[in-house]
Amino acid sequence: MKTLLKLRVLGKVARCHLVPEGHENLRDFPDDPEPGYGRYEENSLQIYVAEGQVLDQEQDTLLHELWHLIDDLLEVGLSEKQVVKLTTAWLAVLKENPKLITYLKRRPQDGGS
C-alpha cells in the first residue's frame, strides 16, 4: 500500500492510499465479490484508490471518495448519484480553470484583500 496524499479536511487528517486492484480495502464487506475502484473508510478517515487506473479515472475516484468523506463529516446525506454528479462537476471546474486554485490559495499577505 502506497500513501498517495495526506489531506486536511475540516480539521481532520485523512490519508489517501493507492492499493492493488481488488485489494481488501476496496471491498465493502469481506466477501464482496466485486470490489470498486475506490473506498472511503469512515472510522479511520482513510481513502483507498485502486492502482492501474488511467490518471483521469484515478483523480475522479479520489475526488469521489473525498466527497463521501466531506459528506460524512458534515452529515449532509448525499446520495451516490449526487456524489457522482458533484465529482464530475468539480473535477471539470478544477481542471478547466487552473487559475481558480491559485486564486483560492491566495492569502492577504500575498496581495489579496
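A. Summary view of helix α2 (residues 80-96). Here α2 is 17 residues long and its end C-alpha atoms lie 24 Å apart, about the 24 Å a rise of 1.5 Å per residue gives. For α2, the full list of buried residues reads V83, T87 and L91. Angularly, the buried residues of α2 cover 55° about the axis, an arc narrow enough to put them on a single face. More than 90 degrees from the buried face of α2, the exposed residues found are K81, K85 and E96. Contacts made by the buried residues of α2 are with α1 (55-74).

B. Summary view of the side chain of E58. Tracing the backbone through its elements, the reader meets E58 in helix α1. The residues contacting E58, other than those within four sequence positions of it, are L4, L18, V49 and Q53.

Here is what the cut-offs are and how they apply
- Each residue is numbered by its place in its chain's sequence as written, counting from 1.
- Per-residue local features of the predicted model are confined to residues with pLDDT of at least 70, and side-chain atom pairs are confined, for both listing and counting, to 80 or more; whole-chain, interface and lining totals are unaffected and use all residues.
- Hydrogens are left out, water is left out, and the side-chain values use all remaining heavy atoms of the structure.
- Strands here are runs of E lasting at least two residues and helices are runs of H or I lasting at least four, both read from the DSSP assignment and numbered beginning at the N terminus.
- Each residue after the first adds 1.5 Å to the expected span of a helix.
- For the exposure calls, accessible area comes from a 1.4 Å probe over protein chains only, and a residue counts as buried if that area is under 20% of its type's maximum, exposed if over 50%, partly exposed in between.
- Here the arc refers to the directions that run from the helix axis out to each C-beta atom.
- Only heavy atoms matter for contacts: two residues are in contact if any of them lie within 4.5 Å across the pair.

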